[in-house]
Each structure stands twice: as C-alpha cells, then as structure tokens.
Amino acid sequence: MVGIELSIVLPCYNESRNLPLILDRLRAFAGRYDFELILVDNGSTDDSAAVLRALLAKEENRFARSVRIERNIGYGHGIMTGLDAANGKVLAYSHADIQTPPEDVFRAFQLMKDNHLALDRVLIKGLRVNRREDQQVLTRALGEISSLLLGYELEDINGQPKLFSRGFLASLKGAPVDFSFDVFVMYKAKQQGLAIKTFPVDFGTRLHGESKWANSLFSKYRTIFGYLRNICFLALQNIKDQNNPFQQFSKFILVGGLNTAITYAAFYALYKYFAFYYVLASTIGYLMGMVSGFYFNRRWTFRADGGGAAGQLLKYFILNLISLGTNVLAIYALTESFSIIPEVSQLIVLVLTTLINYSGAKWWVFKR
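Residues numbered from 1 in each chain as written. Predicted model: local features only at pLDDT ≥ 70, side-chain atom pairs only at ≥ 80, totals over all residues. Heavy atoms only, no water.

(A) Here's a closer look at the packing of aromatic side chains. In this structure the tally under the stated criterion is 25 aromatic pairs. The interplanar angle of 70° and the centroid separation of 5.6 Å between the aromatic rings of Phe252 and Tyr358 together place this pair among those described as edge-to-face. Note that Phe252 is positioned in helix 8 (residues 245-272) and Tyr358 in helix 11 (residues 342-365), a separation of 106 residues in sequence. Relative accessible area serves as the criterion here: at 11%, Phe252 is assigned to the buried category. With 6.0 Å between their ring centres and 35° between their planes, Phe302 and Tyr358 make a pair best called tilted. (Phe/Tyr/Trp six-rings, centres within 6.5 Å; stacked < 30°, edge-to-face > 60°. Helix = DSSP H or I, 4+ residues; strand = E, 2+ residues; numbered from the N terminus. Buried < 20%, exposed > 50% of the residue type's maximum accessible area, 1.4 Å probe, protein only.)

Structural data, given as structure tokens:
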C-alpha cells in the first residue's frame, strides 16, 4: 500500500457500534479513490477489538486496517499513532462518532483536486454549520482564547475533517496527546504560512455512544483546564515566534519605556533650554513619544510595515486618545468613588491603560 494517494485516520474509543456504519459508508468510495482507512482502536474498553477483527477479515473491507493502542492516553495520541502508520501522499483525520460524516474527507480531497490546490501550501478543514447556539459558545470561547495566546486567528478549531500533505506531518512531532491536538495542528499550519481552506460540514447528532470528554461535569472541566494549560505551554514554547503575544507584549513594554524617555527628554530640553511654555513643551514631548512609539511598534513589535502607514497612524492616534480618556476617568473614579489614594489609583490605571494600548495596537491598529 506504499504510495497510495490518500490515508484517512479515524481514532476510535469505545465506538464498536459505529464501526460497521463507518465501513459501510466508506466502502462506496473504494473503487473511486485510491485510499486507505486506518481505524485506531484507541485503548477501547468495549468490544471494539473483536468487532474490528470480524469486520476487517471481510474481503469487502480490504481498504481498511486497524492500529491498536493498549491504553488510551488521549485523543491526540490516537490520531498521531494513526498518522505515523499512514502510507498516503495526502493525510486526513476526522472523528469516528459520525457526528461529522466520514464521507466529508472525500469532499475535502475533491476540493483540493478540483481547485488544483498545492497541498504543501494549504490545510483543508471542515467548518461546522447548523449547530445550536449553545453548542457554539464554548468552541468560540476556546478559539478566541487560543487566538489571543498564540497570536494567530483560529476559526472553529475542532471542525473536522482536516486534510494536509504528508510533508506537513513532520511539523506535528511533539504534539499534545489530548483534545488540544486540533489547535496544535492549525497553529503549526499558520506558523508555516499555510492557507487554511474551509468548507461547510453538518455537525449531526451522535448515533451511538457518548461524548468522550463531556460525559460529566467533572470530565468536561478537567478537559477544558488541560486544554488551556497546553495552549499556554505551547505559547511559551514558541515565544520566539514573531506573532507570539508574550514576545510582542515584552517588546511593547520596552517601546513604552523608550516612549516615556523620549517624551520626558523632549519636554525637558524644550522647557529648560529653549524656554518653551511648559504646557506646549509637554504636548510636543507627548507627540514625539507617540510618533516614536508608532514607529517602533509598527516596525519591531508587530512587524506590520507592509503598507497603510497613514491609516495606522490615525488609528494609533485615536487609540492614544481613548487611552488618555480612560486614564482620566478611571483615576477619578477610583479616587473619588472608591476612596483609593491617588498613588495606588495611578498604578491600577497604568496596568489598565497598558492592556488597552496593547490590545488596541495588536488587534486594531497593526492587525494584519
């Protein structure tokens, strides 16, 4: 089977009742596509192993094979085990619970072929539609948090299937073993400059079995905590990435210190040596610090110097006005309404306005 065109990996954990359905639905494609189906028995504790043996012994299912993992240590580990065992030039994975139709893999593959996409430059994934609003809230929240921590926009991170070139597999070494595997795949694709091409997929009702991560309140929140922990670790491990928010925030703080030095130096020189009226000297100093901040943040912190400088400068000026207004209102409210001494109020406001300035600069002024 070496050199086949497409390998499809489906991690299966206690999915014995779905296995016959999966094979029945994918068998129709056996004569139309050169593919292999790898069913990863991810440490199942039901009768999946026996069901697989019986199904794969049939000649009609020769397009499929299985890989057994004795102990389930995570969703991501199951997928990576299957991908490592794959022989295809193109690799894909999806779920085995049939909430995402297994046939969608071939829709992704056909999308690649019909649009003559260079797969070494693109990752194709499903974008789930027709979901209830309450089902989307958690996904959106985790996607936004992931985007914020990793520095790349990531949409519908758990949408399946995902399809990519065999060459991309090397990028996935060291992938997390849990449910953060999906965001890791998308993050690595973004890092390498791959375009993420989506197509709509229906996310249906589970036919058999139960959710492997949200079957109880405890398991749900344990999974979410583990997911967020891994995303934080991933961000810290990739701190040298130019889009990494930890790196960018450090640069932003350094630029802020430089701006303050320039502002004060300009004020002092104009007031002390050129006899400028102190208000005018302060205003000019502030503007000089703002312009220097714009220049260094644009060129160094966010590397957004590809064009549109005039529009960015206008946005930067507006952001500074918003920050100044927030500073005045917040220090007044903290001091007068909450009876906090001005010295402490100013420290609180400094943290607040720094976060406002950074967020506005990253996601509005210098957003690429």
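(B) View of helix 10 (residues 309-337). In this model, helix 10 (29 residues) spans 41 Å end to end at C-alpha, consistent with the 42 Å of a helix rising 1.5 Å per residue. Within the span of helix 10, buried status applies to Gln312, Tyr316, Leu319, Asn320, Ser323, Thr326, Ala330, Leu334 and Thr335. On its buried face, helix 10 is in contact with helix 8, helix 9 (278-301) and helix 11. (Expected span 1.5 Å × (residues − 1). Contact = heavy atoms within 4.5 Å.)

(C) Broad picture of the environment of Lys220. Among the secondary structure elements, Lys220 is positioned in helix 7 (residues 217-237). Residues Lys220 and Ile322 lie 102 residues apart in sequence; the distance between their C-alpha atoms is 39 Å.

(D) Structural context of the layout of surface pockets. Of the voids in this model, the second largest pocket is the one considered here, and its volume is about 790 Å³. When contributions to the lining of the second largest pocket are tallied by element, the ones reaching two or more residues are helix 8, helix 9, helix 10 and helix 11. The element best represented in the lining of the second largest pocket is helix 8, accounting for nine residues. Residue composition of the lining of the second largest pocket, grouped by class: ten nonpolar, 14 polar and no charged. (1 Å grid on protein atoms, 1.4 Å probe; cavity = no way out; pocket = protein on both sides within 12 Å on 5 of 7 lines; lining within 4 Å. Points joined across faces, edges and corners; volume = space filled by probe spheres on them. Nonpolar A, V, L, I, M, F, W, Y, C, P; charged D, E, K, R; others polar.)

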